[in-house]
Amino acid sequence: MKKVLLTVLLVALIGCFAFAKTMTIGFIPMTLSNEYFITMVNAAKLEADKLGIELLVQAGQRHGSAQEQMQIMENMITRRVDAICIVPSSSQGLIPVLRKAEKANIPVINLDTKFDAAALEAAGLKPIPFIGTDNYYGAEIAGWFALSLLGGEGDVAILTGVAGQQNAADRRNGFYDIISKEEGINIVAEQTANWEVEQGYNVTQNILQANPGLKLIFASNDNMGLGARRAIDEAKKDVVVIGYDAISAALDGIKAGTIAGTIAQFPAEMGIMGVQTALKIKNGETVPNYVQTGSKLIYQGNVDWFKEYLSQYE
Amino acid sequence: MKKFSSILRNYGMFIGFGVIFVIFSLSSEYFLDVYNLMNILVQSSLIAIIAVGQTFVILTGGIDLSVGSIVALTSVSTGLMLTSGISIPLAIIFGVLVGLGAGLVNGITVSFGKVPAFIVTLGMMSIARGGALAMNSGKPVSGLPFEFERIASTEVFGIPIFAIYMLVIYAIGYFILYKTRLGRHIFAIGGNREATKLSGVNVPFNEMMAYAVSGLLAGLGGVLLTARLNYATPISGNAYELDTIAAVVIGGTSLAGGEGGLIGTLIGALLLGTLRNGLTLLNVVSYYQQIIIGVVIVLAVFYDRMKTKKG
């Protein structure tokens, strides 16, 4: 009797361990050296905890390294995770490892930066569900905001991201397409500052030198916008800055009145929905192929609300 | 005890590698899986192959900072050639030749132009990266033919082809370094340049050859990376120069030149690959992975220093 009891206890104990976590998800943000992805990861962790899911987070050390992400994915496939959520560092560079995942029957969920659907199809891969935002649409919002601030006339400059990246092109195009329709507005400069503060600073110095009458700068991300702000202040000019990404330094800038506005995406929602989608797939439910998590203009009127919203995921 | 310490001195990196291997085997149930061990080989192979050339250069007392950028340059060139319809074998050959060309420019400038290797290859690092970006206006090249991927994804008796490439390159490198005159001269130049010159060796030519080999293998690395991703991007190969230098010094080759060897470099590259793989399996956050890898590099060189001091 004692023996039986002991066995039952042992089995129950092992059972507890085995079923403590319903599933394991591999979570691969682009990097872990960026607030945006840290927010995404933290939200995903909270959600995974709530659902009793084990979350393995791994990121490359170098921004945009397809090879590092490929290795991480291979290692996760070895580890036989139940699903992989990934923010790909390039929209086309991971196809061989996506094939490995498909072969191993591990579903992949695409967050934030979309895989190139045509490339997936050409490679004979099944479509991969995407959860994220449309950068073109977000930049259009920035364009409408710029129009309302300028009152229909003035010189405008655009700081663009890394040449060749899809989101850099989308942000530039979304803003450009709205603003260039207005006849009184001239786009006098369009320069890349490679997403970086320091380059935003240098490039803006040069732009201000060449265009003393500049009224507004749209920086395709907040980092470049913060650099631009410093250059503008040093030159003692009165130029409006609009950014993108809603990083905390930009939100502080909005409160202080140095940055007019920024476009917020909702990385936390992407992380949460990524985990939920993985669970749904595991339970055999069908999931939508494309989910928009939305973009929102953050300005003085709603910056406090947004900061409070963000504080949940710190 | 004395005997033990001498073993430790000569085979330290093997022991270090063994220790790391055992730790991972005990702490992760997924580590000692055939599939995973093959992963480690594949993931280490590119750095290992390029590190052969880096070993040649470092043995002469030089350094090659440009290998990462040459990887990007050859990767984008190969990608563009493939999409423009050039046949796969030709694209591979031309791609490797691009690397060889860059290596030759490095070698000629260092050995005949007498410009310090650090400066020359620092310049080439910037030139090749710029070239890789300019060639396709910063854009990645995709839509490469699927047959091209096969030179990376094929397996021979269950062994991934990348591991075989790696072994072949090491065999050839070993032969050149230990069985040919070029190899002996490379060791001699790094050991004592003046004496080598006085003994009638054509120092500049042999030195140049080391950089040429380095460029050639970086070119090969670029081609192989392109096949592995089936995709070419001008930002690829980032920090490969640091990884290859790390593999070389972990392997016990002295940065002063003249001392060291290829087997150590192979172990160094495998050790780096194993660390990255094992730490990922253990789900160590990437911040700490970087710290751990940094500590290993410094410990390895520290150990090497002790070795030279003692004996």
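Residues numbered from 1 in each chain as written. Chains lettered and ligands numbered in written order. Predicted model: local features only at pLDDT ≥ 70, side-chain atom pairs only at ≥ 80, totals over all residues. Heavy atoms only, no water.

*Asks:* Please explain helix 11 (residues 240-250) of chain B as it appears in this structure.
*Replies:* Residues three or four positions apart in an α-helix share a direction because the helix packs 3.6 residues into each turn. Residues and elements named next belong to chain B. Across the 11 residues that make up helix 11, a large majority, 10, are buried. For helix 11, the complete set of buried residues consists of Tyr 240, Glu 241, Asp 243, Thr 244, Ile 245, Ala 246, Ala 247, Val 248, Val 249 and Ile 250. Phi for Gly 252, located one or two positions after helix 11, is positive at around 95 degrees. (Buried < 20%, exposed > 50% of the residue type's maximum accessible area, 1.4 Å probe, protein only. Helix = DSSP H or I, 4+ residues; strand = E, 2+ residues; numbered from the N terminus.)

*Asks:* In this structure, what is going on with the packing of aromatic side chains? I would like to understand it.
*Replies:* How two aromatic rings sit relative to each other is set out by the distance from centre to centre and by the angle between their planes. Residues and elements named next belong to chain A. According to the stated counting rule, one finds 17 aromatic pairs over all chains in the structure shown. Ring centres of Phe 145 and Tyr 299 lie 6.4 Å apart, and the angle between their planes is 50 degrees; this geometry places the pair in the tilted category. Linking Phe 145 in helix 6 (residues 135-150) with Tyr 299 in the loop between strand 12 (295-298) and helix 12 (303-311), this pair joins segments that are 154 residues apart in sequence. Note on Phe 145: relative accessible area 13%, which makes it buried. Given the relative accessible area of 38%, Tyr 299 is considered partly exposed. Summarising the aromatic geometry, the rings of Tyr 309 and Tyr 313 are spaced 5.9 Å apart at their centres and angled 75 degrees between planes, so their arrangement reads as edge-to-face. The same class applies to Tyr 309 and to Tyr 313, which are both buried. Through a chain of ring-to-ring contacts, three or more aromatic side chains come together here, namely Phe 266, Trp 305, Phe 306, Tyr 309 and Tyr 313. The side chain of Arg 171 reaches across the aromatic face of Tyr 244, ending 3.9 Å from its centre. The positively charged end of Arg 230 is found above the aromatic ring belonging to Tyr 201, 4.3 Å away from the centroid. (Phe/Tyr/Trp six-rings, centres within 6.5 Å; stacked < 30°, edge-to-face > 60°. Lys NZ or Arg CZ within 6 Å of the ring centre and 35° of its normal.)

*Asks:* Sorry if this is basic, but what is going on with the interface of chain A and chain B here?
*Replies:* Interface size is often expressed as the accessible area that is lost when the parts come together. With 31 residues of chain A at the contact, the number on the chain B side is 36 residues. The tally of links from chain A across to chain B stands at 3 salt bridges. Ionic pairing is found between Arg 80 of chain A and Asp 33 of chain B, a salt bridge with its closest N-O pair at 3.4 Å. At the boundary of chain A with chain B, the tally comes to 17 residue pairs in polar contact (both at pLDDT 80 or more). Of all the elements, helix 3 (residues 66-78) of chain A adds the most residues to the side of chain A that touches chain B, at 9 residues. A class-by-class count of the residues in the side of chain A that touches chain B yields 14 nonpolar, 11 polar and 6 charged. (Contact = heavy atoms within 4.5 Å. Salt bridge = Lys/Arg side-chain N within 4 Å of Asp/Glu carboxyl O. Polar contact = N/O pair within 3.5 Å; in protein donor to acceptor, adjacent residues only side chain to side chain. Nonpolar A, V, L, I, M, F, W, Y, C, P; charged D, E, K, R; others polar.)

These results come straight from atomic positions and should not be treated as a statement about function.
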